[in-house]
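# Topology and contacts: notes
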Amino acid sequence: MDISLINKNALICGGSKGIGRSSALLLSRMGANITIVSRTVENMKKVVSELDTTQNQTHDYISVDFSNPNDVKDKIEHLVSKKNIHILINNTGGPPGGPILKAKPEAFIMAYNQHLICNHIITTSVVDGMEKEGYGRIINIISTSVKSPIMGLGVSNTTRGAVASWAKTMSYELGPKAITINNVLPGFTGTGRLDQIITNRATKGGITEEEVIKNMKAGVPMNRFADPIEVANAIGFLASPAASYITGISLPVDGGRTKCL
């Protein structure tokens, strides 16, 4: 099975921490040249220093503000003017939690800009290069909420669902270009985002964080949270030549928690 990414350029959004960081580390070990996109320069510098270079790769980073789609457009277009991208990982931190009835319209607009709009800007910027190179893999890191909404994450559920539908629609147009686009749906994964959810649930429920963790794990057949590298492994496979005939899917990596097919 061919999973080598030697001579491939990977653009990894949100690559300075969590699942994005684990994906950057893994894809570098698979041979890819990595460009990390995030906001905090110091965090990106640290991750770049940890990336594998044993196969003569070169790695870099771009500081981008995803709350400003124009900034994203300008910087990504500058990047692709210098090199073609073979692999794109669309990944942005989730919107704040809360019931959907209490969500203000501005919250939806902000979330759509940071996720759907920025994903679209970046994707449309790189597909010409992918087609020219004869290799394209687009992977969106979303959430299991696209299959089963998660209570207390109203804006996130809505936005993630929109991204999943966007990607499925895009798959029909990218297929003839031999470019795949897929969604990875992480379940409860040991990241800062999960820590925030646990704290919020404990506060609202008037219980300890330990109780929240116990209750959350009880709903996972494997009875534990994922390590970010376990999600990155799925991303690495979908980014590889071995996944050449897989497109338009939403793949849960959730220890079996999602209760639908």
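Not measured: the values here are computed from a predicted model.

This part covers the pairing of strand β5 (residues 136-141). Counting buried positions along β5 yields 6 of 6 residues, so the element is predominantly enclosed. Residues of β5 alternate between two faces, with G136, I138 and N140 on one and R137, I139 and I141 on the opposite face, all of them buried. Taken together, the 4 bridges between strand β4 (residues 87-90) and β5 define a ladder with parallel strand orientation. Note that in β5 the partner of N90 across the bridge is N140. Tracing the backbone out of β4, into helix α4 (residues 105-133) and back to the parallel element β5 gives a crossover that is right-handed. Taken together, the 6 bridges between β5 and strand β6 (residues 179-186) define a ladder with parallel strand orientation. The residue of β6 that forms the bridge with N140 is N183. Following the chain from β5 across helix α5 (residues 154-174) to the adjacent parallel β6, one finds a crossover that is right-handed.

To continue, consider the environment of V37. Mapped onto the secondary structure, V37 falls in strand β2 (residues 33-38). Apart from residues no more than four positions distant in its own chain, V37 is found in contact with L11, I12, C13, G14, G15, M44, I62, V64, F66 and I76.

The next thing to look at is the packing of aromatic side chains. Going through the model one piece at a time under the given rule, you end up with 1 aromatic pair. Between the aromatic rings of F188 and F225, the centroid separation amounts to 5.9 Å while the plane-to-plane angle is 75°, which identifies the pairing as edge-to-face. Taken together, the residues F188 in the loop between β6 and α6 (192-205) and F225 in the loop between α7 (209-218) and α8 (228-239) connect sequence positions 37 residues apart. The burial state of F188 is the same as that of F225; both residues are buried.

With 12 residues, α8 ought to run about 16 Å at 1.5 Å a step, and its terminal C-alpha atoms sit 16 Å apart, in line with that. For α8, the set of buried residues is P228, V231, A232, A234, I235, G236, L238 and A239. Contacts made by the buried residues of α8 are with α1 (18-29), β4, β5, β6 and β7 (250-253). The N-cap of α8, judged by a side-chain oxygen 2.9 Å from the amide nitrogen of I229 a few residues on, is D227.

Conventions and cut-offs
Residues numbered from 1 in each chain as written. Predicted model: local features only at pLDDT ≥ 70, side-chain atom pairs only at ≥ 80, totals over all residues. Heavy atoms only, no water. Buried < 20%, exposed > 50% of the residue type's maximum accessible area, 1.4 Å probe, protein only. Helix = DSSP H or I, 4+ residues; strand = E, 2+ residues; numbered from the N terminus. Pairing = 2+ DSSP bridges. Right-handed = clockwise from strand over helix to strand, strands pointing away. Contact = heavy atoms within 4.5 Å. Phe/Tyr/Trp six-rings, centres within 6.5 Å; stacked < 30°, edge-to-face > 60°. Expected span 1.5 Å × (residues − 1). Polar contact = N/O pair within 3.5 Å; in protein donor to acceptor, adjacent residues only side chain to side chain.

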